[in-house]
Amino acid sequence: SSLCTALNWTPDKGDVNIHLSKLSFERAKPFLPQEIQEFSGSVDLQAKVNLAPTLQAHITTEIKPGTISYQPINKESIALNHKNGLIEADYSAKQLLAKWNIDLGPHKINGDINIPRSAIEKDPMTAPIQGNIGIDIKDLNIVSLLVPQVTEIDGHLLSQLKLGGS
């Protein structure tokens, strides 16, 4: 992996550019449960942050193809090949807007959230949030990755969630 940064700063203005390339998911393996046999793929991240006079940022994260392999106790190994993904976040003078679209082989996760900047600056814990989450899981055996206690499951999950509240 490689990391490049650039910082420009004056009393009136400042900006930072960050480019992280090919950060391997293998680096996270020591922190994962032992049942996860493989966690491959990588991530590229680009960030442009304006530090002054008002903090603003644009961050793009691209997930590169790889595999998550999980061996439940007394079960066959489950492999999930993720193809790609894109996560974007903008913190502007108006709002925080985040969007994601992740392709996990036959499974898909996408969505967006929007939070007004004025509310974040006032009290982030009570800021109103609006957004959507789409989940399409073709094979529910993947649930065993997240909840090892679930040992037998069958079906397809398709959901569209609308977020709203504070």
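Here we summarise the structure given alongside this text. (Residues numbered from 1 in each chain as written. Predicted model: local features only at pLDDT ≥ 70, side-chain atom pairs only at ≥ 80, totals over all residues. Heavy atoms only, no water.)

What follows concerns the overall build of the protein. The secondary structure content of the protein amounts to 2 helices and 12 strands. Counting from the amino terminus, helix and strand elements in the protein follow one another as β-β-β-β-β-β-β-β-β-β-α-β-α-β. Taking 15 Å as the expected radius of gyration for a compact globule of 166 residues, we find that the protein reaches 19 Å, considerably beyond that expectation. Over its C-alpha atoms, taken along the principal directions, the protein stretches across nearly 60 × 40 × 25 Å. (Helix = DSSP H or I, 4+ residues; strand = E, 2+ residues; numbered from the N terminus. Rg over C-alpha atoms; globule rule 2.2 N^0.38 Å.)

Here the structure, examined in full by the defined rule, presents 5 salt bridges. Residue Glu 62 pairs with Lys 64 through a salt bridge whose shortest N-O separation is 3.2 Å. Judged by relative accessible area, Glu 62 falls into the partly exposed class, the value being 37%. Classification of Lys 64 as partly exposed rests on a relative accessible area of 27%. The closest approach of N and O atoms between Lys 108 and Asp 103, which form a salt bridge, is 3.1 Å. The structure contains a network of salt bridges with shared partners spanning Asp 44, Glu 62 and Lys 64. (Salt bridge = Lys/Arg side-chain N within 4 Å of Asp/Glu carboxyl O. Buried < 20%, exposed > 50% of the residue type's maximum accessible area, 1.4 Å probe, protein only.)

What follows covers the sheet that holds strand β6 (residues 66–70). Backbone hydrogen bonds are what pair the strands of a sheet, in a parallel or an antiparallel way. One open sheet holds the 3 strands; their spatial order is β3-β6-β7, and the pairing between them is antiparallel. Among the strands making up the open sheet, the edge pair consists of β3 (36–39) and β7 (78–82). When strand polarity is set aside, the average angle formed by the axes of neighbouring strands in this sheet is 10 degrees. (Pairing = 2+ DSSP bridges. Axes fitted to C-alpha atoms, helices over the stretch in contact; angles between N-to-C directions.)

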